[in-house]
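Here are the chains, one letter per residue:
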Amino acid sequence: GFMKYIDLLMNYNQQNPEPLRILALNITQSDDISRIPGYQHFPELMERIRQLFENKLSPRGSVQEIRMFIHSFNFLIITLLGSSTYAAQVQGMDPAGDQYRTWVKDTLGFLFLPRLREIINPSDAGTRRKK
């Protein structure tokens, strides 16, 4: 389900790139994050995502671990999709191309899927890691 979620995020971003572009652009430009357009909705959204994550998946990590997971994932999404032109061109890829899309999905899966497995089912994660 996690990789499908990534696909859905990328599909949505492809059709509606402005929200992540605005976040990516403004996060680096402001010393006062409350001045970022629409920022007042961002902490609330992150908290709703955390609550949904906890309600649907019953993770076995602490609230702090869950927040680290969710925030890190979303901050990387903002960077990789909101500033895709930069991230893709650094690697010699077309930001609108399938190669970059595949790279983003593979990278997010590589970085976050093992930790997600640990959070959801700690005993199963150790078994998968050894394989």
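For the structure itself, look to the data block above.
The shown structure was predicted, so the numbers you read here are calculated from the model rather than taken from an experiment.

Colleague: Looking at this model, I keep getting lost on the environment of Leu 111. Mind explaining?
Modeller: Relative to the elements of secondary structure, Leu 111 occurs in helix H6 (residues 98-120). Taking the C-alpha atoms as reference, Leu 111 lies 9.0 Å from Phe 73; in sequence the two are 38 residues apart.

Colleague: Explain the packing of aromatic side chains here, please?
Modeller: Scanning the entire structure with this criterion turns up seven aromatic pairs. Each ring, one from Phe 69 and one from Phe 112, has its centre 5.6 Å from the other, and the planes form 90°; the classification is edge-to-face. Of this pair, Phe 69 sits in helix H4 (residues 63-82) while Phe 112 sits in helix H6, and the two are 43 residues apart along the sequence. Accessibility expressed as a relative area gives 7% for Phe 69, which makes it buried. Ring geometry for Tyr 100 and Trp 103: centres 5.9 Å apart, planes at 20°, overall stacked.

Rules of the game
- Residues numbered from 1 in each chain as written.
- Predicted model: local features only at pLDDT ≥ 70, side-chain atom pairs only at ≥ 80, totals over all residues.
- Heavy atoms only, no water.
- Helix = DSSP H or I, 4+ residues; strand = E, 2+ residues; numbered from the N terminus.
- Phe/Tyr/Trp six-rings, centres within 6.5 Å; stacked < 30°, edge-to-face > 60°.
- Buried < 20%, exposed > 50% of the residue type's maximum accessible area, 1.4 Å probe, protein only.

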